[in-house]
Amino acid sequence: MSLEDAPPLPPDPADSLAAVAALRRLADQLEDAAVEQAMRAGWSWPQVSEALGVTRQAVHKKHAKRLIAGGVTLRRRGE
């Protein structure tokens, strides 16, 4: 997307940057919920990583501790 295709920005750069930060937080929350949903449904790390377009190691590092703390049973390799 080029700058010409982007939606108009608020006149104050502080407002624009605050909106970006809020969108990042929302995206992180949506990712957390979607990964948890997938893992509770029995998805494997490779399936989740492929859907997110990242490596299996990256998705595992980002989400495994939180999922375990939340009581999600994680699949082991080969299961």
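Just above, that's the structure.
One structure accompanies this document, and this report is about it.

Parameters at a glance
- Residues numbered from 1 in each chain as written.
- Predicted model: local features only at pLDDT ≥ 70, side-chain atom pairs only at ≥ 80, totals over all residues.
- Heavy atoms only, no water.
- Core = buried A, V, L, I, M, F, W, Y, C linked by side-chain atoms within 4.5 Å.
- Buried < 20%, exposed > 50% of the residue type's maximum accessible area, 1.4 Å probe, protein only.
- Helix = DSSP H or I, 4+ residues; strand = E, 2+ residues; numbered from the N terminus.
- Contact = heavy atoms within 4.5 Å.
- Expected span 1.5 Å × (residues − 1).
- Bend = angle between axes of the 7 residues up to and from the residue.
- Patch = residues over 30% accessible without salt bridge, like charges linked within 9 Å, V, L, I, M, F, W, Y side chains within 5 Å.
- Areas by Shrake-Rupley, 256 points an atom, 1.4 Å probe, with all protein chains shown as cover.
- Salt bridge = Lys/Arg side-chain N within 4 Å of Asp/Glu carboxyl O.

Looking at the nonpolar core
Now for step 1: Of all hydrophobic cores here, the largest spans ten residues; its members are Val35, Ala38, Met39, Trp45, Val48, Val59, Ala64, Leu67, Val72 and Leu74.
Now for step 2: Those elements giving two or more residues to this core turn out to be α1 (13-40), α2 (45-52) and α3 (56-69).
Now for step 3: Not counting residues within four places of it along the chain, the set of residues in contact with Val35 comprises Val48, Leu52, Val59, His63, Arg66 and Leu67.

Thoughts on α3
Now for step 1: Taking 1.5 Å per residue, 14 residues should reach 20 Å; α3 reaches 19 Å between its end C-alpha atoms and fits that length.
Now for step 2: Its axis deflected by about 45° at His63, α3 carries its strongest bend there.
Now for step 3: Taken residue by residue, α3 has Val59, His63, Ala64 and Leu67 as its buried positions.
Now for step 4: Buried residues along α3 sit in contact with α1 and α2.
Now for step 5: Downstream of α3 by one or two residues, Gly71 has phi in the positive range, about 85°.

A closer look at a nonpolar patch on the surface
Now for step 1: On the surface, Leu23, Leu26 and Leu30 cluster together to form a nonpolar patch covering roughly 300 Å² of accessible area.
Now for step 2: Mapped onto the elements of the fold, Leu30 is located in helix α1.
Now for step 3: For Leu30, a relative accessible area of 53% puts it in the exposed group.

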